[in-house]
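# An overview of the molecular structure
The primary structure of each chain is shown beneath.
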Amino acid sequence: MGSVLDQVDTPEDLKRLSEAELLQLAEELRSEIIRVTAQNGGHLASSLGAVELIVALHRVFNSPTDRILFDVGHQAYAHKLLTGRKDRFHTIRKEGGLSGFTKVSESPHDAITVGHASTSLANALGMALARDLRGETYKIVAVIGDGALTGGMALAALNKIGELQKDLLIILNDNEMSISQNVGALNRHFRTLQVQKWVQDAERFGRGVLERISPKLYEMADRAKEAAKLVLHQENPFYAWGLRYVGPVDGHDLKSLIYLLEHLKSLKGPTILHVVTKKGKGYKVAESDPVYWHGPPGFDPQNPQKIKKGYSWSQAFGDAVTELAHLEPRLFVITPAMREGSGLVKYSQTHPDRYLDVGICEDVAVTTGAGLALRGMKPVVAIYSTFLQRAYDQVIHDVAIENLDVILAIDRAGLVGADGPTHHGVFDIAYLRTVPNLTIAAPKDALELRAMLKKALEVGGPIAIRYPRDTVDPAPEGVWPEIAWGTWEVLKEGREAYILAFGKTLRYALEAAGEDPRVGVVNARFIKPLDEAMLARLARGFKLVTVEDHQAMGGFGSAVLEALARLELKPEIRVLGLPDRFIEHGGIPSLHAKAGIDAAGIRRALAALGVTLTASE
Ligand code: TPP
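Residues numbered from 1 in each chain as written. Predicted model: local features only at pLDDT ≥ 70, side-chain atom pairs only at ≥ 80, totals over all residues. Heavy atoms only, no water.

## So, the site of the ligand
Rule in force here: We call a residue near a molecule or strand when any one of its heavy atoms sits within 4 Å of it. Here a polar contact is taken to be a pair of N or O atoms separated by no more than 3.5 Å, where protein atoms must pair a possible hydrogen donor with a possible acceptor and residues adjacent in sequence count only if both atoms sit in side chains. Only the protein chains shown count as cover for residues, with accessible areas throughout obtained via the Shrake-Rupley method and a probe of 1.4 Å. For this scheme, ten residues count as nonpolar: Ala, Val, Leu, Ile, Met, Phe, Trp, Tyr, Cys and Pro. Four count as charged, namely Asp, Glu, Lys and Arg, and the remainder, Gly too, count as polar. Residue ranges labeled as domains rest on an automatic or database domain assignment.
Looking at the ligand, there are 22 residues lining it, with Ser46, His74, Gly115, Gly147 and Glu362 nearest. Measuring from an oxygen atom of the ligand, one finds a backbone N or O atom of Gly147 at 2.7 Å. One of the side-chain nitrogen or oxygen atoms of Lys279 is found 2.9 Å away from an oxygen atom of the ligand. Protein coverage of the free-state accessible area of the ligand, which is 580 Å², stands at 98%. Taken together, the residues of the shell around the ligand sort by class into nine nonpolar, nine polar and four charged. Looking at the shell around the ligand, you find at least three residues from each of domain 1 (5–294) and domain 2 (313–466).

As structure tokens, this is what we get:
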């Protein structure tokens, strides 16, 4: 048999394939996903685990008329390959290439634009309402992982779906994993369901038979009856929600999946099909370590090894809080499902009683922090800038109004690269800056991060400390420098102009200024409140350029302009930041250059102010 994938340009082509060809197609999809992810990096393990499910969905449903929604959209690589994008698949996550997630503007087959978790069910409900109001008859299928189902948004949507009884199919793709081991009571219940199912099957077929025939179990059973029997029971939580529940079934048994979907697709009302899959399926290393292989950088597919990445800001944060928790017994760290990404593995093992993974629910993370603070603890909510967007009201309503001692350790602040516009952390300054009581700081290195964390515990109140997706030099253990709270720091004196930068853009500022005595550089490490004394002094004598890895609108530069207006100072000034549009995925340095916030961009701004520098290559 030649390549089956070569014969597939649209999902229509799947309808013609034999069972053997479909099985071969699944294997070819796996190879292609491994080959391209090895080059580009990407969401390998999740995509490998969803291959059979995606083949079955495209065999049974008619995309793009039928709408197939992928929650998070990171598991949908096979979907991209089957929906007219195989020739461009090698560009995934590269600048100008395919997105790493589903994206409405990329393909008519992508039902939703995603990247953040737990949105598929509310979207599906909205689509079902629209479909019925407009007298249309297409099918709607939402695929959601057990991790994404820990999100309050998904659970709240289920509540409404159960009430409204619209026709839609929800596929719960349960691999027991979020990025880390999944958490929560529902997850515990799924494990019980799985065990119950094994016991039932064992009783029905005899344990020995089951061991021999599984996972081909459903082929042998009387399938129609099987599907009907699996519609469960009083104790199933979905039943209480008014949802028909089918499962758990083997999510890699392609033939049975197709059979089941054929039967479920025309049922009235909402149905949940619970499929059990293996994250990383078909690729040994990914199956045995799905945490690392959730989203690896590139690797050698013949000899897949973990790559030791450089020391990151996340690790610097994790190391600092692990140490700090020994000094401060009230310190408590919360993560919304990002233990590894936030550098918290060591912390979680060292201080398990002062650590909480709440699941993918950033709102719960922040408000649990509020509760801890109200009762005398010192919570640190470790959260990515982009995901903190989910908890804005909680920051205002639950934390800031009462000026509670909650530290927001904001990781991945700034452009994040290959994950693109759903993940760029470029709004946090704008949305936090307007909240009274809140302090916003950005360290220049790991030592300053330690100083800020330690001092934040003493100063109290809500304090956001933002740092980028980047490497940083490690700081020595046991060293906790003092920091004058609220002050900026002159890193280089200048005679004509000063660049005000912080965090990641400081490097660009120092590079732009070089050795030129005319241009100074300030580490503007406090964004709120600004160091107005220093700002006033500089504004009186120098030209200014502000630069930030954040939207220009509403960001640090805006804060500086507002302060200058209040102080009635009018220096010559340029504000550099990201433009008022969404920045696509790409390499971070290249995206910074395009946005004009790199060293060259700073030099251009200085030139516009009459201070012309030459690049010091
Ligand atoms: N918070 C939000 C709101 N969105 C996110 N995408 C994340 C955190 C980071 N994240 C991406 S995938 C993922 C997390 C936490 C785990 C998803 O688990 P699951 O839905 O079970 O899918 P799997 O990868 O296991 O297939």
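What follows picks up the thread again.
## Thoughts on the pairing of strand β11 (residues 463–466)
Stated precisely, the cut-off is as follows: For every residue, the accessible area (1.4 Å probe, protein chains only) is compared with the maximum for its type, and the residue is labelled buried under 20%, exposed over 50%, or partly exposed between those bounds. Runs of H or I in DSSP of at least four residues are treated as helices and runs of E of at least two as strands, each being numbered from the N terminus. For two strands to be treated as a pair, DSSP must find at least two bridges joining them. When the strands point away from the viewer and the path from the first strand over the helix to the second turns clockwise, the crossover is right-handed.
Where burial is concerned, the two faces of β11 agree: the one with Ile463 and Ile465 and the one with Ala464 and Arg466 are both buried. Direction of pairing for strand β10 (residues 439–441) relative to β11: parallel, over a ladder of three bridges. Directly across from Thr439, in β11, lies its bridge partner Ile463. Traced from β10 through helix α20 (residues 446–459) to β11, the parallel crossover comes out right-handed.

## What about the packing of aromatic side chains?
Here is the rule: For this analysis, a ring pair means two rings from Phe, Tyr or Trp (six-membered ring only for Trp) whose centres lie within 6.5 Å, classed as stacked if their planes differ by under 30 degrees, edge-to-face if by over 60, and tilted for the remaining angles. The rule is short: NZ of Lys or CZ of Arg within 6 Å of the ring centre and within 35 degrees of the ring normal puts a charge over the ring.
Scanning the model with the defined rule gives 18 aromatic pairs in all. With a centroid separation of 5.0 Å and an interplanar angle of 85°, the aromatic rings of Trp293 and Phe299 are classed as edge-to-face. By relative accessible area, which is 2% here, Trp293 ends up buried. By the ring-pair criterion, three or more aromatic residues cluster together here, those being Phe190, Phe238, Trp241 and Tyr245. The ring of Trp480 has Arg450 lying over it, and the distance from NZ or CZ to the ring centre is 4.1 Å.

## Some remarks on the domain arrangement of the chain
The criterion, for reference: In what follows, residue pairs with any heavy atoms lying within 4.5 Å of each other are defined as contacts. Buried area is a sum: the accessible area each of two parts loses on coming together, probed at 1.4 Å, counted once for each and added.
Annotation of the chain at the domain level lists domain 1 (5–294), domain 2 (313–466) and domain 3 (489–608). Distance from the C-alpha centre of domain 1 to the C-alpha centre of domain 2: 33 Å. Between domain 1 and domain 2, the residue contacts involve 21 residues of the former and 18 residues of the latter. Across the interface of domain 1 and domain 2, roughly 1400 Å² is buried in total on both sides, 55% from carbon and sulfur atoms.

## Concerning the nonpolar core
Stated precisely, the cut-off is as follows: Each nonpolar core is a collection of buried residues, namely Ala, Val, Leu, Ile, Met, Phe, Trp, Tyr and Cys, held together in the definition by side-chain atoms within 4.5 Å.
Membership of the largest hydrophobic core comes to 84 residues, with the highest contact counts inside it found for Phe317, Leu388 and Trp488. Counting the residues that make up this core, at least three belong to each of domain 2 (313–466) and domain 3 (489–608). Excluding its chain neighbours within four sequence positions, the residues that come into contact with Phe317 are Ser342, Leu344, Val380, Ala382, Ala409, Leu449, Leu453 and Tyr467. Residues Leu5, Leu17, Leu22 and Leu169 belong to the second largest nonpolar core, which totals 54 residues.

## As for helix α18 (residues 392–400)
Heads up, the condition is: Summarising the geometry, the arc corresponds to the directions from the helix axis toward the C-beta atoms.
Listed in full, the buried residues belonging to α18 are Gln394, Val395, Val399 and Ala400. Looking down the long axis of α18, one finds its buried residues gathered within 140° of arc, a one-sided arrangement. Turning to α18, the residues buried within the fold contact α16 (362–374), α17 (385–388), β9 (407–411) and α19 (428–433).

## Concerning the sheet that holds strand β14 (residues 519–523)
Worth spelling out the cut-off: Angles here are taken between N-to-C directions and fall from 0 to 180 degrees, while the axes themselves are lines fitted to C-alpha atoms, restricted in helices to the stretch in contact.
Spatially, the five strands line up as an open sheet ordered β12-β14-β13-β16-β17, and their pairing is mixed. The open sheet terminates on both sides in strands that have one partner only, identified here as β12 (489–492) and β17 (573–578). Averaged over all pairs of adjacent strands, the angle between their axes in this sheet comes to 25°, without regard to strand direction. Contacts between helix α21 (residues 505–513) and the sheet are confined to β12, β13 (497–501), β14 and β16 (543–551), with β14 contributing the most and set at about 165° to the helix.

## Considerations on the packing of α21 against helix α25 (residues 599–608)
As a reminder, the rule being used: If an angle is under 35 degrees, it is roughly parallel; if it is over 145, roughly antiparallel; if it lies from 65 to 115, roughly perpendicular; otherwise it is oblique. Crossings are classed by handedness, with left-handed meaning an anticlockwise turn of the near helix from the far one by less than a right angle and right-handed meaning a clockwise turn.
As a packed pair, α21 and α25 sit with axes 8 Å apart at the nearest point and diverge in direction by 60°. By the angle between their axes, α21 is oblique relative to α25. The chirality of how α21 crosses α25 is right-handed. In contact with Tyr508, Ala509, Glu511 and Ala512 of α21, α25 contributes Ala599, Ile602 and Arg603. Tallied by class, residues from the contact of α21 with α25 come to five nonpolar, no polar and two charged.

## Describing the pairing of strand β2 (residues 140–145)
Burial runs high along β2: six of the six residues are buried. Residue alternation in β2 divides its side chains into two sets, Ile140, Ala142 and Ile144 and Val141, Val143 and Gly145, and both sets are buried. Bridge analysis of β2 against strand β3 (residues 168–174) gives five bridges, and the strand direction is parallel. Note on β3: the bridge partner recorded for Ile144 is Leu172. Viewed along the sheet, the connection from β2 through helix α6 (residues 152–164) into β3 turns out right-handed.

## Observations regarding the confidence of the model for the chain
Short version of the rule: Residue-level confidence of the predictor is what pLDDT reports, using numbers from 0 through 100.
Confidence in the prediction for the chain averages 94 pLDDT; 94% of positions are at 70 or higher. Throughout residues 215–234 the model reports pLDDT below 50, and contacts reaching past four residues in sequence, or to other chains, amount to 43 contacts.

## Overview of helix α1 (residues 19–40)
Note the cut-off: Expected helix span is taken as 1.5 Å per residue step, with the number of steps being one fewer than the number of residues.
For α1, which comprises 22 residues, the first-to-last C-alpha distance of 31 Å matches the rise-based estimate of 32 Å (1.5 Å per residue) to within 8%. Phi turns positive, to about 75°, at Gly41, one or two residues after α1.

## So, the side chain of Thr277
Its place among the elements puts Thr277 in the loop between β5 (270–276) and α13 (284–288). Of note is the side chain of Thr277, whose polar atom sits 2.6 Å from the side chain of Asn173. For Thr277, the contacting residues outside a window of four places in its chain are Gly49, Asn173, Asp174, Asn175, Gly251 and His252.

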